[in-house]
Amino acid sequence: MAKDLSTLGWDYLMFVLFIALTVFAPLWKRIFGKKKQRSKADYVFATGGVSIVAVMISIARGTLGVRSVLGYPSELFYRGSSMWEIIYGMMSAYPIVCFMFVPVYFNLGITSVYQYIDLRFKSRLVRCLASATYIVRQICNLGITVYTPSVALATVIGIPYWVSIVGMSAICIFFTILGGLKAAINADVIQTVTILVVTVAVCIQGTISSGGPKKVYQLNRDNGRLNFWNFTGDMTVRVDTLSAWLGQLFMSLSQIGCQQNFMQRYVSLKSLKEVRNVMLMNVPLVFLFFSLSWLSGMVIYSAYINCDPYAEGYIKKPDEILPFFVEDQLGFLPGFVGIFMATLFNSALCIMVSNLNSLATVCWEDFVSQLPKFKGLSDKQQLRIIKLVTFICGLIIMCVAFGVGLLSGVIESSLQVFSATSGPLLGCFLLAMMVPVANWKGTSAGMISACAFVVWIIAGGMTVDKSTPQLPTSTDGCSNYTFSDSIAKPSYTEESWLMSHTPVNNQTYVPPTQRTPLETFYSISFMYYSLIGTALTVIIGTIISLLTQHPDDEYDAKLLHPLIFRCYERLSGPKPYYVKHEEESGLNGRSSSNSSATTTTCKEEKINHAYESTPDEKKVNPIAVVFTTAEGERAQSICDGSKIQLDTVPAGESGVYRQLQGHKSAL
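Residues numbered from 1 in each chain as written. Predicted model: local features only at pLDDT ≥ 70, side-chain atom pairs only at ≥ 80, totals over all residues. Heavy atoms only, no water.

Caption draft 1: Quick look at the overall build of the chain. Counting secondary structure elements, the chain contains 23 helices and six strands. For the chain, buried positions account for 56% of its 667 residues. Nonlocal contacts in the chain, meaning residues at least 24 apart in sequence, comprise 84% of its contacts between residues at least 6 apart. When the accessible surface of the chain is totalled, it reaches about 27,200 Å², and 63% of it is carbon and sulfur. (Helix = DSSP H or I, 4+ residues; strand = E, 2+ residues; numbered from the N terminus. Buried < 20%, exposed > 50% of the residue type's maximum accessible area, 1.4 Å probe, protein only. Contact = heavy atoms within 4.5 Å. Areas by Shrake-Rupley, 256 points an atom, 1.4 Å probe, with all protein chains shown as cover.)

Structure (structure tokens):
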């Protein structure tokens, strides 16, 4: 499907210029300006320098990966709209995260979301389990994210796959080291705007060539592409309405509620109120971004309803249908194909930059910083090491991307890995926030058991034929003049070995035979894996925690969700937590009449005081490392007359807490 190189001058030019714009525009002030990163907090949290709108777009963009650009149009073309209904789960997850997860750890000021697990369970094992699942999942997914657009680039404009992988990895490492979180957010904004423009252009051109919006809708409806509210009650169906909603709900809760890169965006805002506003405003934004990819799939199907390029042999994989449409229908615009391919390149680039920053932060906070050699380092030394970890992680991801080309069916396997790790990870956070009796023994047992159970289902599923039929397409209208003159049918005899092993699994459908009960169990849709993992983690974790309660498991009540705390306080019997300075904390609903006034005052804790300007208009560093100074010292509150509370870390633990105004001397 690739054009002749002599016709690609404008495309190459626009490709290079657009990538240069996306990379250097967010880094301009860092490279040429006088303002440099002041601290680790500036690098990790982008303190005070990012607008609410930018963070909102970045969070919405982070929910939709590079697969949404290429995968969803292909999904609608060949399988229909069933997967479109995962939007129900995405939209349901945002308000739940907003009111369940964010309030618990927003004011802790932690640089790794998994530090919360450490504080709650006082166990390095649970924290390392949670962090390790995130790290492994991100490295695998980012490797595939880097490789996926390289296939399209090699197919359309002839860039070798290894050039794309090395170039993208190098740019990501350079970008992340220099820019930090602020540059990643700004790059997300540029990329999002570009994706919107390109997708809208595809929708307009496809609608015109198909005969109008009404015609597009009728063709998709009459040919079975729009099939919503399909409740089958069969858990072995690849996706229906129930599995799409429940499966994506639990995966989204794990992603936007328990994942490091999203937490960094939450705490980059000034107050909890701003976080809630951003999260709730993101619901319609995510719906818009998500639906545009499916709308483009509708117009592409209506344009090629009588001549399927895949069935006719013009493309090698179904996921190439969108690049083919752009080259066929929009190739007459000079440089547009180059802009489109740069959009795919930058889509993967932005996702990798965003996650690479978070991945390096987790590696540092949860593993490297715990080594004796790296304790007691200054802020600048910590920043240098985080950047070194970023470089190493980038190289590992690049190696994984090269390995992806040696395998087949990796994308579906990566989705299964994501589902397998999402459940135990989400269950761990639910136990920490919502189950007061949960301890480290029950939580670690629940996570390990749930992960092993889901991996067993995945391994068993590989022994069962789970292929599903594609919807019928037609080639009756194909002729020598169906596509533009620049389109030529590729010669498959000259295909390279590595290109023939792209990570897109195209299974041939085989009619199902009678299955045994065990085979039926193995055939459960991967959409349910996250639900199963979460349920097992919570159930096993709660039971074992009840059987292994110990006074040493006592923790600060502030680490529970406030609503759960108030409900549990109404129950009689011993409590598994302690409440420090009840009258001052405002948590205890049984306190005196002063508690209402005190509680009102303590709402000041929800403000990030790092963003309040000092008289000389300079902002203070919002991160301060707090260590217990005496062995066996009991955790206590440091309060002044205004009742603003800042807690030290429990004895024997370490953590990073947000520095509240007026408490420098206390620290």
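Caption draft 2: The arrangement of the packing of aromatic side chains in detail. A full pass over the atoms with the stated rule returns 27 aromatic pairs. Measuring from centroid to centroid gives 6.1 Å for Phe-290 and Trp-294, while their planes differ by 50°, and the two rings are tilted. Separated by four residues within a single helix, Phe-290 and Trp-294 lie in helix α12 (residues 272–303), roughly one turn from each other. Exposure class is identical for Phe-290 and Trp-294. Each is buried. Between Phe-565 and Tyr-577 the ring centres are 5.4 Å apart and the planes differ by 50°, which places this aromatic pair in the tilted class. On the criterion of sequence distance, the pair formed by Phe-565 in helix α21 (residues 562–569) and Tyr-577 in strand β2 (residues 577–578) is long-range, its members being twelve residues apart. (Phe/Tyr/Trp six-rings, centres within 6.5 Å; stacked < 30°, edge-to-face > 60°.)

Caption draft 3: Quick peek at the nonpolar core. If you look at the biggest cluster of nonpolar residues, it comprises 147 residues, and the most contacted ones within it are Phe-101, Ile-300, Met-341 and Phe-429. Counting residues per element, this core draws most heavily on helix α15 (residues 336–366), which supplies 18 residues. Aside from chain neighbours lying at most four places away, what touches Phe-101 is Ile-96, Leu-253, Gly-257, Cys-258, Leu-426, Phe-429, Leu-430 and Met-433. (Core = buried A, V, L, I, M, F, W, Y, C linked by side-chain atoms within 4.5 Å.)

Caption draft 4: Expanded view of the state of the cysteines. Per the stated rule, a full pass over the model turns up one disulfide. Free of any disulfide, Cys-258 has its nearest cysteine sulfur in Cys-428, 8.1 Å distant. Its relative accessible area of 0% is what places Cys-258 among the buried residues. Of all cysteine sulfurs, the one in Cys-363 lies closest to Cys-393, which takes part in no disulfide; the gap is 4.1 Å. For Cys-393, a relative accessible area of 6% puts it in the buried group. (Disulfide = S-S within 2.5 Å.)

Caption draft 5: Representation of the environment of Ala-93 in the model. Along the chain, the position of Ala-93 falls in helix α5 (residues 87–105). For Ala-93, a relative accessible area of 0% corresponds to the buried category. For Ala-93 and Gly-257, which are 164 residues apart along the polypeptide, the C-alpha to C-alpha distance reads 8.6 Å. Not counting residues up to four positions away in its chain, the partners in contact with Ala-93 are Leu-249, Ser-252, Leu-253 and Ile-256.

Caption draft 6: Representation of the packing of helix α14 (residues 321–329) against α15. Running from amino to carboxyl end, α14 crosses α15 at an angle of 160°, the nearest separation of the two axes being 9 Å. One element, α14, and the other, α15, form an angle in the roughly antiparallel class. Seen from above, α14 lies across α15 with right-handed handedness. Between α14 and α15, the residues in contact are Leu-322, Pro-323, Val-326 and Glu-327 and Phe-336, Val-337 and Phe-340, respectively. Considering only residue class, the contact of α14 with α15 consists of six nonpolar, no polar and one charged. (Axes fitted to C-alpha atoms, helices over the stretch in contact; angles between N-to-C directions. Parallel < 35°, antiparallel > 145°, perpendicular 65-115°, else oblique. Left-handed = near helix turned anticlockwise from the far one by under 90°. Nonpolar A, V, L, I, M, F, W, Y, C, P; charged D, E, K, R; others polar.)

Caption draft 7: Region of the structure containing the confidence of the model for the chain. In this model, the chain carries a mean pLDDT of 74, and residues with pLDDT of at least 70 account for 70%. Across residues 582–605, confidence stays below pLDDT 50; counting only partners more than four residues off in sequence or on other chains, it has 31 contacts. (pLDDT = per-residue confidence, 0-100.)

Caption draft 8: Layout of the pattern of salt bridges. Scanning the model with the defined rule gives five salt bridges in all. A salt bridge links Asp-118 to Arg-124; the nearest nitrogen and oxygen atoms lie 3.7 Å apart. A relative accessible area of 4% places Asp-118 in the buried class. Taking relative accessible area as the criterion, Arg-124 reaches 30% and is therefore assigned partly exposed. One connected set of salt bridges, linked through shared partners, spans Asp-118, Arg-124 and Arg-127. (Salt bridge = Lys/Arg side-chain N within 4 Å of Asp/Glu carboxyl O.)

Caption draft 9: Summary view of a nonpolar patch on the surface. Together, Phe-228, Trp-229, Phe-231, Leu-242 and Trp-245 give the surface a local cluster of nonpolar side chains, amounting to about 540 Å² of exposed area. Mapped onto the elements, Phe-231 comes out in the loop between α9 (213–222) and α10 (241–258). On the basis of relative accessible area, Phe-231 is assigned to the exposed category, the value being 54%. (Patch = residues over 30% accessible without salt bridge, like charges linked within 9 Å, V, L, I, M, F, W, Y side chains within 5 Å.)

Caption draft 10: Broad picture of helix α20 (residues 529–547). Given a rise of 1.5 Å per residue, 19 residues ought to cover 27 Å, and the 27 Å separating the end C-alpha atoms of α20 matches this to within 8%. Restricting attention to buried positions, one finds in α20 the residues Tyr-529, Ser-530, Ile-532, Gly-533, Thr-534, Thr-537, Gly-541 and Ser-545. (Expected span 1.5 Å × (residues − 1).)

Caption draft 11: A look at α9. Of all the positions in α9, only Val-216, Leu-219 and Asn-220 are classed as buried. Projected down its long axis, α9 carries its buried residues within an arc of 95°, all on one side. Every exposed residue of α9 that faces more than 90 degrees away from the buried side is listed here: Lys-214 and Asp-222. In the stretch just after α9, Gly-224 is the one whose phi turns positive, near 75°. (Arc of directions from axis to C-beta.)

Caption draft 12: Representation of unusual backbone geometry in the model. Positive phi, normally seen in glycine, also occurs at Lys-122, with a value near 55°. For Trp-229, which is not a glycine, the phi torsion comes out positive at approximately 55°.

Caption draft 13: Seen up close, the packing of helix α18 (residues 440–461) against α20. Axis separation between α18 and α20 bottoms out at 7 Å; the angle between their running directions is 150°. Once α18 is placed against α20, the crossing between them reads as right-handed. Within the contact between the two elements, α18 uses Lys-441, Gly-442, Thr-443, Ala-445, Gly-446, Met-447, Ser-449, Ala-450, Phe-453, Val-454, Ile-457 and Ile-458 and α20 uses Tyr-529, Ile-532, Gly-533, Leu-536, Thr-537, Ile-540, Gly-541, Ile-544 and Ser-545. Counted by class, the contact of α18 with α20 contains twelve nonpolar, eight polar and one charged residues.

Caption draft 14: Structural view of the environment of Gln-255. Within the secondary structure, Gln-255 sits in helix α10. Residues Gln-255 and Tyr-134 lie 121 residues apart in sequence; the distance between their C-alpha atoms is 9.8 Å.

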